[in-house]
Amino acid sequence: MDLNHLPGGVSAKFLDDNTTYLGNQLEPVFGGDRCFGVLANMDFILISTYESDGKNPELILYKKR
């Protein structure tokens, strides 16, 4: 999984390639070209937006349990 860029130019990896997650992609309903991604497991929820093919991701929420 690619690194996510945080404010201040810091990059962080939120996901483990060897872990199973539940997730869904929500297409834009009111126009625009960015999708919403919702991903979770028993420890956290992550919500982000991104362009087609996962380009230019932007973290909206990352909350640990």
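As the structure is a computational prediction, the values presented were derived from the model and not from experiment.

Student: Break down the overall build of the protein chain for me, citing the residues and quoting the values.
Tutor: Looking only at helices and strands, the protein chain features zero helices and six strands. Starting at the N terminus, the α and β elements of the protein chain follow one another as β-β-β-β-β-β. Across its three principal directions, the C-alpha atoms of the protein chain cover 30 × 30 × 20 Å. Counting across all 65 residues of the protein chain, residues that qualify as buried make up 20%.

Student: Give a description of the environment of V10 that names residues and reports values.
Tutor: With respect to the helices, strands and loops of the structure, V10 is situated in the loop between β1 (4-5) and β2 (11-12). A residue is classified by how much of its surface remains accessible, and V10, at 47% relative accessible area, is partly exposed. In this structure the C-alpha to C-alpha distance between V10 and L39, which are 29 residues apart in sequence, comes to 21 Å.

Student: So what's going on with a nonpolar patch on the surface? Which residues, and what values?
Tutor: Taken together, the side chains of L26, F36, I45, I60 and L61 define a hydrophobic patch exposed on the protein surface, amounting to about 410 Å² of accessible area. One can find L61 in strand β6 (residues 58-64).

Student: Describe the side chain of S48, listing the residues and the values that go with them.
Tutor: Mapping S48 onto the fold places it in strand β5 (residues 44-50). When near neighbours in sequence (up to four residues on either side) are disregarded, S48 contacts C35, F36, G37, E58, L59 and I60.

Student: So what's going on with the environment of R65? Which residues, and what values?
Tutor: Along the chain, R65 falls in the segment after β6. When the C-alpha positions of R65 and V38 are compared, they lie 16 Å apart, and in sequence the two are 27 residues distant. Filtering out sequence-adjacent residues up to four positions away, R65 remains in contact with M42 and D43.

Student: Can you explain unusual backbone geometry? Please cite residues and give values.
Tutor: A positive phi angle is found at D53, which is not glycine, with a value near 60 degrees. Note that D53 resides in the loop between β5 and β6. Even without a glycine there, the phi angle at N56 is positive, about 50 degrees.

Student: So, the sheet that holds β5: which residues are in play, and what are the values?
Tutor: With antiparallel pairing, four strands are arranged side by side in an open sheet as β3-β4-β5-β6. Strand pairing shows two members of the sheet lacking a second neighbour, β3 (22-26) and β6, which therefore form its edges. With direction set aside, neighbouring strand axes in the sheet form an average angle of 10 degrees.

How each quantity is defined
- Residues numbered from 1 in each chain as written.
- Predicted model: local features only at pLDDT ≥ 70, side-chain atom pairs only at ≥ 80, totals over all residues.
- Heavy atoms only, no water.
- Helix = DSSP H or I, 4+ residues; strand = E, 2+ residues; numbered from the N terminus.
- Buried < 20%, exposed > 50% of the residue type's maximum accessible area, 1.4 Å probe, protein only.
- Patch = residues over 30% accessible without salt bridge, like charges linked within 9 Å, V, L, I, M, F, W, Y side chains within 5 Å.
- Areas by Shrake-Rupley, 256 points an atom, 1.4 Å probe, with all protein chains shown as cover.
- Salt bridge = Lys/Arg side-chain N within 4 Å of Asp/Glu carboxyl O.
- Contact = heavy atoms within 4.5 Å.
- Pairing = 2+ DSSP bridges.
- Axes fitted to C-alpha atoms, helices over the stretch in contact; angles between N-to-C directions.

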